[in-house]
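A look at the structure
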Amino acid sequence: FLGPAVQCQWNLSDAEVSALTTVVFVGMLFGTYFWGIFADRYGRWTALFYDCITVFLFAMLSAGSVNYGMLMFARAMVGFGLGGFGVSWSYFLEFIPTAKRGRWACIMLGWWSIGTVLEAGLAWAILPTIGWRWLLVISAAPLLIVLGGLFFLPESPRYYLVIGKSQKAEEILKEIAGGNKTSLPEGTLVGGTVEQDVRASPIQTLRIIWSPKWSRLTGNLWLLWFANAFCYYGLVLMTTTLRYADTDEDICARDHPFTDEDYIDVFIATAAEIPGLALALVIVDRIGRKLSQALLFGGTAVFILLLIPLDHQTNADVAILFFARMLITGAFTVTYLYTPEVYPTNIRGTAFGFANSFARIGGMLCPFVAQDLLQQGHAWATELIFAFFCIMATIAAVRLPVETAGKAMADVADANTVELPEAKRERTGSEVYMKQLEDESPSVVGELGEGAGELAVARVDSSA
């Protein structure tokens, strides 16, 4: 919404509008590296706190921009902050037991989709009345609530374990167990037998994830992240530009760049993300992460190809974009879940940041395809390019060497294997445990009650 609104107010060229979108992803590219490394070095909570401050401040600067250069800088810095939101994903999953990661991952990402639907509604209400500056201010306001809420959240116990601070980890676990009206199993917290700080530097992380045993996983995973963002944001941008791809109409000649029909189209296409997440929720644990990604990407490619013969002046493209957006959202959800699952705690933030940075490269490139190429009248070429990368992502998903469904998350990276320990349920009295079969040490993962506050905790069971 921002690009066309600013274009008409400041008489920007199509290339300048595309650059305004791309610069956000340039910022995100550097942000994913920086915040991932920061989170592994200083903690998940600390990274999220400073990240939210960064996004809020530069969102306000965006709203107050007086020229194109100032707006470009502010949007780049907003992107830099947005690149750190992946830390929240690793942070969240580090609290969730193995058997429930898939379900809660989809529920968490459901709030992303709710946010996109609300943003479409906000734009519809605000842009025609008080303008794009107030849209930016109101959109950033919820970050103040997030900043306040962070003071009620603890640091990740898994993070404390890999830096050798098991005492702090146990204190947090006791507090969470109390909140769930239960208590920790008897024994000593070991967290994957980590007794000292085992955090890896960015160079060490790269050496591990590109070692012979990990290279196939990393290569295919980086391709999946690129394709996810390239196609997802491409479909987002196409929703507002496809209708005018085959016409010479100047949207700035109207009183407002978007008509009510445009807003309705965007709202419908955005609402497709909710059933997309529901679909991912249904299949991710039943058929696994790999097959889920392959099916969702393959389906997205089919619907994008169906756009090619269409007359884009009809409503048929809205229906097809609905299903394409639904499937690509499901694919993005599963990739978001799979990545922190497969990388161990001591490199999770950095490795996730490296993978996520390829999504930002995809986001940087997609405006030149979804906006520039479309506006030049080459809709068929745009659709063919997006379909091609969805097909490539389907192949990459099939080629992933590890299935993470039902596997325990590892704490310390091993350059010699990418396999995760199987999780098997055993009962000791009234307690349920998940024993790591490939670890001969008496490390056990217990589940502390029901609900979103559940926490997987490794302990030595004194009765075992």
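This one's a predicted model, so the numbers in the text were calculated from it and none came from an experiment.

Moving on: the pattern of salt bridges. Summed over the entire model, instances satisfying the criterion amount to 7 salt bridges. The partner of Arg44 in a salt bridge is Glu94, with the nearest N and O atoms 2.7 Å apart. On the criterion of sequence distance, the pair formed by Arg44 in helix α3 (residues 44-63) and Glu94 in the loop between α5 (86-93) and α6 (101-126) is long-range, its members being 50 residues apart. Take Glu94: its relative accessible area is 1%, and that puts it in the buried class.

Chain-level statistics for the protein chain give a pLDDT mean of 79 and a share of 80% at 70 or above. Contacts of residues 420-464 to residues separated by more than four positions or lying in other chains number 128 contacts, the stretch itself having pLDDT below 50.

It is worth spelling out the side chain of Thr339 at this point. Position of Thr339 relative to the elements: it lies in helix α16 (residues 316-342). Those residues within four positions of Thr339 in sequence are excluded, and the remaining contacts are Leu221, Trp225, Phe352 and Ala355.

A few words now on the nonpolar core. Membership of the largest hydrophobic core comes to 96 residues, with the highest contact counts inside it found for Leu221, Tyr343 and Phe386. Broken down by element, the residue count for this core peaks at 15 residues, all from helix α12 (residues 215-241). Core analysis: the second largest hydrophobic core is formed by 29 residues, Phe38, Leu147, Leu161 and Val162 among them.

Considering the arrangement of structural elements, one finds Val24 in helix α2 (residues 14-42). Under the relative-accessibility criterion, Val24 is labelled buried at 13%. Taking the C-alpha atoms as reference, Val24 lies 8.3 Å from Met72; in sequence the two are 48 residues apart. If we skip the residues at most four places from it in the chain, Val24 touches Arg75, Gly79 and Leu82.

Nonpolar side chains collect at one region of the surface, where Leu305, Ile308, Trp380, Leu384, Phe388, Ile391, Met392 and Ile395 lie side by side and expose about 710 Å² of accessible area between them. Its location among the elements puts Leu305 in helix α15 (residues 289-307).

Here the phi dihedral of Asn11 falls at roughly 55°; this positive angle occurs in a residue that is not glycine. Turning to its location among the elements, Asn11 is positioned in the loop between α1 (2-10) and α2. Its identity is not glycine, yet Lys181 carries a phi of approximately 60°, on the positive side.

This part is about the environment of Thr329. Residue position: Thr329 is located in helix α16. Thr329 gets classed as buried once you look at its relative accessible area, which sits at 5%. Taking C-alpha positions, Thr329 is 9.6 Å from Leu279, a pair spaced 50 residues apart along the chain. For Thr329, the residues in contact, after removing those within four places along its chain, are Ser113, Tyr232, Glu273 and Leu277.

Quick notes on the rules
Residues numbered from 1 in each chain as written. Predicted model: local features only at pLDDT ≥ 70, side-chain atom pairs only at ≥ 80, totals over all residues. Heavy atoms only, no water. Salt bridge = Lys/Arg side-chain N within 4 Å of Asp/Glu carboxyl O. Helix = DSSP H or I, 4+ residues; strand = E, 2+ residues; numbered from the N terminus. Buried < 20%, exposed > 50% of the residue type's maximum accessible area, 1.4 Å probe, protein only. pLDDT = per-residue confidence, 0-100. Contact = heavy atoms within 4.5 Å. Core = buried A, V, L, I, M, F, W, Y, C linked by side-chain atoms within 4.5 Å. Patch = residues over 30% accessible without salt bridge, like charges linked within 9 Å, V, L, I, M, F, W, Y side chains within 5 Å. Areas by Shrake-Rupley, 256 points an atom, 1.4 Å probe, with all protein chains shown as cover.

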